[in-house]
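# A structural walkthrough
Here are the chains, one letter per residue:
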There are 2 protein chains.
Amino acid sequence: MYRTHHCGELRVSDVGKTVTLSGWVQKARDLGGMTFVDLRDRYGITQLVFNMETNEGLCKRARELGREFVIQIVGAVAERSNKNNKIETGDIEILVDELNVLNAAKLPPFTIEDDTDGGDELRMKYRYLDIRRRPVRNNLVLRHKLAFEVRRYMDTQGFIEVETPVLIKSTPEGARDFIVPSRMNQGQFYALPQSPQVFKQLLMVGGMDRYFQIVKCFRDEDLRADRQPEFTQIDCEMSFVEQEDIINTFEGLTKHLFKEVRKIELGGDFPRMSYADAITYYGSDKPDIRFDMRFVELTNDVKGNNFSVLDNAEYVVGIAAPESSEYTRKQLDQLTEFVKKPQIGATGLIYIKVNTDGTCKSSVDKYYTPDDLARIAKKMNAKSGDLILILAGNKAKTQSAMCELRLEMGSQLGLRDKNIFAPLWVVDFPLLEWDEDSKRFFAMHHPFTSPKIEDFELLKSDPANVRANAYDLVINGVEIGGGSIRIHNDELQQQMFDVLGFTREEAESQFGFLMNAFKYGAPPHGGVAFGFDRLVSMFAGLDSIRDVIAFPKNNAGKDVMIDSPSFIDKKQLDELGIGIVK
Amino acid sequence: MYRTHHCGELRVSDVGKTVTLSGWVQKARDLGGMTFVDLRDRYGITQLVFNMETNEGLCKRARELGREFVIQIVGAVAERSNKNNKIETGDIEILVDELNVLNAAKLPPFTIEDDTDGGDELRMKYRYLDIRRRPVRNNLVLRHKLAFEVRRYMDTQGFIEVETPVLIKSTPEGARDFIVPSRMNQGQFYALPQSPQVFKQLLMVGGMDRYFQIVKCFRDEDLRADRQPEFTQIDCEMSFVEQEDIINTFEGLTKHLFKEVRKIELGGDFPRMSYADAITYYGSDKPDIRFDMRFVELTNDVKGNNFSVLDNAEYVVGIAAPESSEYTRKQLDQLTEFVKKPQIGATGLIYIKVNTDGTCKSSVDKYYTPDDLARIAKKMNAKSGDLILILAGNKAKTQSAMCELRLEMGSQLGLRDKNIFAPLWVVDFPLLEWDEDSKRFFAMHHPFTSPKIEDFELLKSDPANVRANAYDLVINGVEIGGGSIRIHNDELQQQMFDVLGFTREEAESQFGFLMNAFKYGAPPHGGVAFGFDRLVSMFAGLDSIRDVIAFPKNNAGKDVMIDSPSFIDKKQLDELGIGIVK
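Residues numbered from 1 in each chain as written. Chains lettered and ligands numbered in written order. Predicted model: local features only at pLDDT ≥ 70, side-chain atom pairs only at ≥ 80, totals over all residues. Heavy atoms only, no water.

Moving on: the overall build of chain A. Across its full length, chain A holds 16 helices and 23 strands. Counting only C-alpha atoms and orienting by the principal axes, one finds that chain A spans roughly 90 × 75 × 55 Å. Looking at chain A alone, contacts between residues at least 24 apart form 65% of all its contacts between residues at least 6 apart. Element-wise, carbon and sulfur atoms account for 47% of the exposed surface of chain A, whose accessible area totals about 24500 Å². Of the side chains in chain A, 75 bear a positive and 88 a negative charge, and the two mean positions are spaced by 4 Å. (Helix = DSSP H or I, 4+ residues; strand = E, 2+ residues; numbered from the N terminus. Contact = heavy atoms within 4.5 Å. Areas by Shrake-Rupley, 256 points an atom, 1.4 Å probe, with all protein chains shown as cover. Lys, Arg positive; Asp, Glu negative; His and termini not counted. Charge placed at Lys NZ, Arg CZ, Asp CG, Glu CD.)

Two copies of a chain can be linked by a rotation about an axis combined with a shift along that same axis. Rotating chain B by 180 degrees about the axis while translating it 0.0 Å along that axis superimposes it on chain A, leaving an RMSD of 0.0 Å. In short, the pair behaves as if placed about a two-fold rotation axis. The share of interface residues of chain B whose copies in chain A are also at the interface is 100%, consistent with both copies meeting through the same surface. (Least-squares fit on C-alpha atoms with pLDDT ≥ 70 in both.)

Residue and element names in this part refer to chain A. Within the secondary structure, F291 sits in the loop between α7 (275–282) and β12 (296–297). Since its relative accessible area comes to 6%, F291 is described here as buried. With 88 residues separating them in the primary sequence, F291 and K379 have C-alpha atoms 19 Å apart. In this structure, F291 is in contact with R406, L407, G410, L415 and R416, ignoring residues within four places of it in sequence. (Buried < 20%, exposed > 50% of the residue type's maximum accessible area, 1.4 Å probe, protein only.)

As a further point, take helix α6 (residues 243–262) of chain A. Its 20 residues give α6 of chain A an end-to-end C-alpha distance of 27 Å, which sits within 8% of 28 Å, the value for a rise of 1.5 Å per residue. Downstream of α6 of chain A by one or two residues, K263 of chain A has phi in the positive range, about 60 degrees. (Expected span 1.5 Å × (residues − 1).)

Turning our eyes to something else, we now look at the environment of E433 of chain A. Residue and element names in this part refer to chain A. Topologically, E433 is positioned in strand β18 (residues 432–435). In this structure the C-alpha to C-alpha distance between E433 and L500, which are 67 residues apart in sequence, comes to 9.8 Å. In contact with E433, other than residues within four places in its own chain, are R440, F441, F442 and M444.

With that settled, the discussion passes to the side chain of H488 of chain B. Inspection of the secondary structure puts H488 of chain B in the loop between β21 (478–485) and α13 (490–499). By relative accessible area, H488 of chain B is classed as buried at 16%.

In this section: the packing of aromatic side chains. Summed over the entire model, instances satisfying the criterion amount to 37 aromatic pairs over all chains. Centroid distance F258 of chain A to F421 of chain A: 4.8 Å. Interplanar angle 55 degrees. Geometry classified as tilted. Note that F258 of chain A is positioned in helix α6 and F421 of chain A in the loop between α11 (395–412) and β17 (423–427), a separation of 163 residues in sequence. Take F258 of chain A and F421 of chain A: they sit in the same class, and that class is buried. Relative to Y367 of chain A, the ring of F307 of chain A lies with its centre 4.3 Å away and its plane at 25 degrees, an arrangement referred to as stacked. Of this pair, F307 of chain A sits in the loop between β12 and α8 (308–311) while Y367 of chain A sits in the loop between β15 (360–362) and α10 (370–379), and the two are 60 residues apart along the sequence. For F307 of chain A, a relative accessible area of 11% corresponds to the buried category. For Y367 of chain A, a relative accessible area of 27% translates into the label partly exposed. Clustering of aromatic rings is evident, with ring pairs tying together F448, F497, F502 and F518 of chain A. Over the ring of Y126 of chain B we find K125 of chain B, and its NZ or CZ is 5.8 Å from the ring centre. (Phe/Tyr/Trp six-rings, centres within 6.5 Å; stacked < 30°, edge-to-face > 60°. Lys NZ or Arg CZ within 6 Å of the ring centre and 35° of its normal.)

Residues and elements named next belong to chain A. By the element assignment, A76 lies in strand β4 (residues 70–79). Among the residues examined, A76 registers a relative accessible area of 23% and is labelled partly exposed. Measuring from C-alpha to C-alpha, the distance between A76 and V15 comes to 7.5 Å, with 61 residues separating the pair along the chain. Ignoring sequence-local partners within four residues, the contact set of A76 consists of K17, T18, E93, I94, L95 and D97.

Core analysis: the biggest nonpolar cluster contains 55 residues, and Y128 and F551 of chain A together with L203 and M208 of chain B have the highest contact counts within it. Broken down by element, this core gets its largest block of residues, 6 residues, from helix α14 (residues 504–518) of chain B. Look past the residues within four positions of M208 of chain B in its chain and what remains in contact with it is R42, I131, R137, L140 and V141 of chain A together with I160, V162 and L203 of chain B. (Core = buried A, V, L, I, M, F, W, Y, C linked by side-chain atoms within 4.5 Å.)

What follows covers the sheet that holds strand β22 (residues 525–531) of chain B. Residue and element names in this part refer to chain B. Spatial ordering of the open sheet is given by β6-β9-β10-β22-β21-β20-β17-β11, a layout of 8 strands whose pairing is mixed. Each end of this open sheet is capped by a strand with a single partner; those strands are β6 (160–161) and β11 (272–274). Both strand β10 (residues 230–239) and β22 contribute to a ladder of 7 bridges, which runs antiparallel. Along β22, the bridge assignment pairs M238 with G526. Taken strand by strand, helix α15 (residues 532–539) contacts β9 (210–218), β10, β20 (470–475), β21 and β22, and its axis lies near 105 degrees from that of β10. (Pairing = 2+ DSSP bridges. Axes fitted to C-alpha atoms, helices over the stretch in contact; angles between N-to-C directions.)

Residue and element names in this part refer to chain B. Pairing analysis gives 7 bridges linking strand β1 (residues 18–31) to strand β4 (residues 70–79), with the strands arranged antiparallel. From the neighbouring strand, L21 faces β4, where its bridge partner is I73. For β1 and strand β2 (residues 34–41), the ladder comprises 7 bridges, and the chain directions are antiparallel. When the sheet's bridge partners are listed, R29 is paired in β2 with F36. Counting the residues that bridge the hairpin from β1 to β2 gives 2 residues, and of these G32 lies at a positive phi of roughly 55 degrees.

One can read the domain layout of chain A as domain 1 (12–103), domain 2 (138–272 + 424–548) and domain 3 (291–416). Each of domain 1 of chain A and domain 2 of chain A has a C-alpha centre, and the two are 52 Å apart. (Domains from an automatic or database assignment.)

Before going further, it helps to spend a moment on unusual backbone geometry. Residues and elements named next belong to chain A. A cis geometry characterises the amide bond from S564 onward to P565, with omega recorded as 0 degrees. Residue E68 is not a glycine yet carries a positive backbone phi of 70 degrees. With respect to the helices and strands, E68 occurs in the loop between α1 (56–63) and β4. The class of E68 is buried, set by a relative accessible area of 2%.

Now for the interface of chain B and chain A. Tallying the contact residues gives 121 residues for chain B and 121 residues for chain A. Interface area, chain B with chain A, both sides summed: about 11000 Å², of which 60% is carbon and sulfur. Ranking the residues of chain B by area buried against chain A places E163, F240 and Y520 of chain B at the top, with a combined share of 8%. At the boundary of chain B with chain A, the tally comes to 12 salt bridges. Between D222 of chain B and R183 of chain A there is a salt bridge, with the nearest N and O atoms lying 3.2 Å from each other. Scanning the region where chain B abuts chain A turns up 67 residue pairs in polar contact (both at pLDDT 80 or more). Broken down by element, the residue count for the side of chain B that touches chain A peaks at 9 residues, all from helix α4 (residues 134–156) of chain B. (Buried area = accessible area lost by both parts, 1.4 Å probe. Salt bridge = Lys/Arg side-chain N within 4 Å of Asp/Glu carboxyl O. Polar contact = N/O pair within 3.5 Å; in protein donor to acceptor, adjacent residues only side chain to side chain.)

Turning next to the packing of helix α5 (residues 197–205) of chain B against α14 of chain B. Residues and elements named next belong to chain B. The N-to-C vectors of α5 and α14 enclose an angle of 15 degrees; their axes lie 10 Å apart at closest approach. In terms of orientation, α5 lies roughly parallel with respect to α14. The way α5 lies across α14 gives a crossing that is left-handed. Residue-level contacts link V198, Q201, L202 and V205 of α5 to F513, L514, A517 and F518 of α14. Classifying every residue of the contact of α5 with α14 gives 7 nonpolar, 1 polar and no charged. (Parallel < 35°, antiparallel > 145°, perpendicular 65-115°, else oblique. Left-handed = near helix turned anticlockwise from the far one by under 90°. Nonpolar A, V, L, I, M, F, W, Y, C, P; charged D, E, K, R; others polar.)

Turning next to the pattern of salt bridges. All names here are of chain A. Applying the stated criterion across every chain yields a total of 98 salt bridges over all chains. With a shortest N-O distance of 3.5 Å, E237 and K200 are connected by a salt bridge. Of the two residues, E237 sits in strand β10 (residues 230–239) while K200 sits in helix α5 (residues 197–205), which places them 37 residues apart along the sequence. You'll find E237 and K200 in the same group, each marked buried. Across the salt bridge formed by E237 and R486, the nearest N and O atoms sit 2.7 Å from each other. Remark: R486 occurs in the loop between β21 (478–485) and α13 (490–499) and E237 occurs in strand β10; sequence separation between them is 249 residues. The pair formed by E237 and R486 is uniform in burial state, with each residue classed as buried. Residues participating in the shared-partner salt-bridge network are D120, R123, R127, D130, R133 and D547.

Structure (C-alpha cells):
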C-alpha cells in the first residue's frame, strides 16, 4: 500500500500514529541538524522531519531529494512546536523513519507554486506541471463540483441526460463546422456539432419531455481571447412549456449552483429587462447591473449651442459616474484615450464635473453656460460629486462605446466586485436581424425560435419589430446562456421561412429533416443552453475560460503540449480518399 | 400552463380534481355514446372520456383525433368503474370538458407500441418516433440513471471528473483514428480520441490523484454487429495505487450500480481467475461463469484407438452438458452444424451420451469400447444423464470453437438467465502478444502497462511469459472493462520499448511527449475503462448496444435519420485546403 493517509488529512488527534504518506517534494529546508520536507499531494501539504542526530543516513538521503521528486515515507505523527496556521495540517509533522524514492524528477521549467514564475506559453506546454499548482487544480475541482451539482439538480427536476451524437451532418447556416472525412463513405463527411440543437428538438418530438446534457460543442472560428474551438454547454430542452416555465427552472438551477458551490443565496426572483431597455440604458444586451450608472440620452438637450459636434450628432448619451468629480486632467485624458481606442471607436469624450461646491466644470465650457451645464446635470439626475461623461455620434456605435466606458468606470470605481453576483434575465429579444450586406433578415437566435403571439401580425407588416420568445441569462455582464421557445406549428414555421427569404426548396433542403419530424406530432417545446466554461470561470472569479479547461488550445487552435494539429501519414489520407491541396 | 399533471401521475386520491393534461393520442375507441382516448406522455398513459350525451360537439371533435395527435385537455378526475390494473393510472379516468389540439400528426410509419410493426431500418430512419416507444425510452432513462449513479459513486470516492480534449493528435499505433482537418493550420489534422489514455496519465503526473470521466471515444473501424464509430467509456485513473486498490474501487462501483439501479446485491468479493485458467477452462478471456461446464482436456486420453482424427489432433477437449443425454439425432446434427459454421470453424463434433441406465453411447463407438467411453466419462467427471461433447484440432482454434459450443449449450439448457449476474475479474494477462505477420511482440494492453514485479526477470529471457498487472471485469461472458497498472519508471519503460522492438528514435517520435512528462515526477498509477454502452445494454437485458444509444449509426457508419455522412460544399473543402481524390 502506497499510503495510509493523504497529505491534507492528519491533525493533532492523530499524534502518535505511524503513517505512510506518498507525494511530491514541494520544498526542502536544511536547518542545522534537521531537514524539513514539505510533502504535497492533491489534498494538501504535510511537513516531514528528518533528524541528523537520530538517523544520519536517512537525513542525508533526504538532503538529496530534489523538488518534485515523488517519494513515499513512513513515520510517526508528532505535534509541532512551531505551528503553521496557514495550512490545515499545520499543527503536526511526521518524524520520518523510512524514505522510499518512487520517482526522481527533473527540475521543472517553472516553479510549482501558487504564484509561479512561468509564462503562459511555458505553462501551456507543460500543462501537466501547471495542473500541479493549486490554483489550476482548484479550478478543475470546481468544474467537477459544478458539473456534478448541475446533474444532481436536473435529475431531481426529472430531466434525463441523453448523449447526442458527435459525428453529425454539416449544415451551411451558422458558424463554420469542423468536418470529419468518412472512410467507409468516401467523398462524404461528418461534421462535429456546434450544438445539439436539432437532436434535442427531436428528443422532444420523441416524447422525452425533459432533456439535458453537459456536452462538448465545436466551432471552427477564428479564435478570440476567450474562445476555444471545443467548448462545453449545459444543454436543455423541455416540452409542454412556456417561457415562464423555462425561466423558472433555470433560475432554480442557477440558485442551486450558487448555494451549493459558492454558499451564496440569491434571494427573490432574478430581475428581468427587455432587450430594448438593455440597449437603451446599458448599450448592451448583457448589462452588468452590479452598478447603476444608466445611460441618459441627451441628443435633444445639447443642441443649439453652436457646438457642431453635438448639433450634428445622431445620438448623444451620458452617464454620471458617482464621486468622480475630482478626476484629474491626467485621469480624464486617459479616459479619452480609452474611448478613442480602435476597439471602442469614439472620436472624443466630453465631461462635466458636478463639483461639490455646486458649480459645474466641463470640457465644453466654450459652448455651454453654467446654466446649460446645470440643466444637463439635472437631466442626468447627477448628484454633487458626480462626473458626467458624454459620447456622441452614430447611435449604435455610440451605445456600444458608452457601454465600454461605463464598464471601465465601474471597474475604476470598484463597483464590479467579483464576489458579488447580479443575475438578470434579458427578455423580448427581436426575432429578426436585418443584414445590410445580403439585404435580408436573419434569425437572431435561430429559424425555429417562436415569435411572441401578440406580435404574430407584425410578421408580414413590420418584421423588424417582432419580438421573440427568447431570453438570455446574464450575470455580471457576462452572457451565461440563452434560449427560446421553439416554433412547433408547421404553418408558422413556413411563414418564418418566407420572412427569412427562403424558397420552399431551400427550406426543404436545409431544414427538411427536422420539419418532417414536426409533421408527426411535435409538442410545444423550448430550451436553454448555458456556456459551462464561462459559468465555471465566473464561479472561479476568472476573466478567461482557458484556466478552467484542463487542456486548452491557444489562439491558433493549437495544443502546444501534445503538438496538435499535426501532419499525418499520406497512407491515412489515401484511405480516406482525400488529399492536401497546395 | 400546458398541464397541471403528467399522464402517469393521477390516482384515486385525485378524484374530483379539475386537471389539465397534455400528451399524445395513443389510441381512441368509440363505444356507443362514449369515446375513450388513451393520452400518453413520458410518464404514462391516462384514459380520457368524451361523452356524446353530455357534450356532443366535444365528443365529435375527439372522434376526429388521429393517432399521435398532440392535444391538451381540461377535465375532472373520476374513478373508473372498469379498472385497469396494468397501468398505474388504471383506477381513474378524466371526464373531459375542454379539448385543444396542439398539433396534428401524420400517420406514423410504424405503430408506437411496445411491440411495433416497424423493421430496424424504418425505426432508425424515424428514430424520433421509435424513442416514443416505451422500451426505447426506458433504455435511455436507464442510461441516464446509470451515468448519474456512476458519477454519484465516483464523487463520494474523491474522484474528479475532468473533461479531456476531443480534438487531439493522431497516433499511428492502435486502431484507425477519425481525423479532422485544421483550417487555421492547413495541411495539418486533429484526431478524435480512441480513448483519453494519454490525458488521464498526464492528469496523474499533474497530481489529480483520482480522475474519472464518462466520455465519448471514436474508432474508425469496419463496424461489426455490436460496434459503433462513437461509443462511451467510463474512464478512470488513480495514483499511488496497486492492482488491488483499483479492483476494490471498481468492484465497489459495480456493486453500487447493481444495488441502486437493479436492486441486486452482489455479495462477497467477485471471484478472480487468471487469464491462463480462463483459456484452459473456458477457451476465452471472458468466460460466462453463470454456469459451469468447464473444459476437460482429453488429448492424451483418446489416442491409440486407431481413430486418426483424434490420434493426430494437437488438442482434444470435452465438456459435459448436464441432463442432455436424451438429445435426439436431430438435435445432435444441429449441434454439429453449429460447430461447423465458418465463424466457429470446427471440422466435426464427437458426442458421448452418458445414459441414465449406466451405459454410454457415442458417435465413435466404432473406435472406442464401452470401457474406453466410461474411462473418458470418468475423466470428464460426467454424471449420469450428461452429454459429453468433444472437439479436436489446432489448440487455439479448438478452444475458441469449444467456447462457442459451451455458450450455445448454456443457452439451450437455460443456464444463461439475463436476470442473473456473474461478475468475474480476469487477472494476470500476458504482457505481450507475438504477432506472426510482423514477427514482433505487441503490447496486449498498451506499451505503458506494467509487468508484474516477479516477472521482471523474464522480460529479456522469456518475454512471452511475462504477466502484466492488467485485469478485466467480465460479467456473464461480456467484457465490461479492463485496465492496468502503468509503468511509471523511465528505465522499465525503455526496457519495454526494447522488447517491443522500438528503436530509441521510434519510441521518442511516437511516445516522446508522454515519456517526457514522466521525467518530471510521475507517481505510480493505474486505471480502468468500462464500456458504458455495453454496461447499459447488460442492465437493460439486451444483446446489442444499439438500442441504448439515442441516435446510433448503422453498420455502414451512417445515421440514416439525418443522412450523415454527406457531401459538402467545395467551398468548405477549399477553406480547409483539402480535396477529394477520385
